[in-house]
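# Notes for the structure review
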Amino acid sequence: VRTLKKLGAIRDRIDAAMNSLRDVEGSVEREEARMATVIDLLGVGRPAVQILIEYLDDEDWVVREAAADLLGKIGDARAVLPLMERLKKDKDTGVKEYALKSLGLIGDARPVELYVEAIPIRPLRVFAMEALAKIKDVEVLRPHVQLFERLKTDRDGLVAYNSGLIVDKLNALA
């Protein structure tokens, strides 16, 4: 009974924060409110994961961004598939960015193909490369080693740097 009350209180807290976020107008104000919401709810941690996953489907982009951001910072593997889905189908580039960043923070290998597909997309490419460089099971990247070799000379320094890291890790395992 105590656990159910605690979960109810967590849901109430998250619902209140997300409802407040929806009410904010103006893009700068919304971004500041999103950051404040993330900071406020981060301490809830793993008990919030399932509730935050539900918010990935919210109609409001800033709510989806906040949910994706929080899920990455919490780092729970239960969020990987829902974040992958958001990355595939969300129309908002900002939401896709946070989904990518969050997947990178979690470090799971399942989204590798999504990361590779995101490399040519200007606003997503650096996040995709950073996510690829954070994958713990480096061996899953070996099929793409030629791509990473090419990207080592990319104009974007972060893309080149992360490509170099990946190639170095793969060479160390060879």
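Our subject is the structure listed above.
Structural notes, computed from the coordinates. (Residues numbered from 1 in each chain as written. Predicted model: local features only at pLDDT ≥ 70, side-chain atom pairs only at ≥ 80, totals over all residues. Heavy atoms only, no water.)

Scanning the protein chain from N- to C-terminus turns up 10 helices and zero strands. Taking all 174 residues of the protein chain together, 49% fall into the buried category. For the protein chain, the computed accessible surface area is about 9200 Å², with 55% contributed by carbon and sulfur atoms. When the 28 basic and 30 acidic side-chain charges of the protein chain are each reduced to a single mean position, those positions are 4 Å apart. (Helix = DSSP H or I, 4+ residues; strand = E, 2+ residues; numbered from the N terminus. Buried < 20%, exposed > 50% of the residue type's maximum accessible area, 1.4 Å probe, protein only. Areas by Shrake-Rupley, 256 points an atom, 1.4 Å probe, with all protein chains shown as cover. Lys, Arg positive; Asp, Glu negative; His and termini not counted. Charge placed at Lys NZ, Arg CZ, Asp CG, Glu CD.)

A few words on the packing of aromatic side chains. Here the structure, examined in full by the defined rule, presents zero aromatic pairs. Stacked on the ring of Tyr98, the Lys or Arg Lys101 has its end atom at 4.7 Å from the ring centre. (Phe/Tyr/Trp six-rings, centres within 6.5 Å; stacked < 30°, edge-to-face > 60°. Lys NZ or Arg CZ within 6 Å of the ring centre and 35° of its normal.)

Here we come to helix 10 (residues 157–173). For helix 10, which comprises 17 residues, the first-to-last C-alpha distance of 25 Å matches the rise-based estimate of 24 Å (1.5 Å per residue) to within 8%. All buried positions along helix 10 are accounted for by Val159, Ala160, Asn162, Ser163, Gly164, Ile166, Val167 and Leu170. Looking at the buried side of helix 10, the elements it contacts are helix 8 (122–133) and helix 9 (145–151). Sitting at the amino-terminal end of helix 10 is Asp156, which places a side-chain oxygen 2.9 Å from the backbone nitrogen of Leu158. (Expected span 1.5 Å × (residues − 1). Contact = heavy atoms within 4.5 Å. Polar contact = N/O pair within 3.5 Å; in protein donor to acceptor, adjacent residues only side chain to side chain.)

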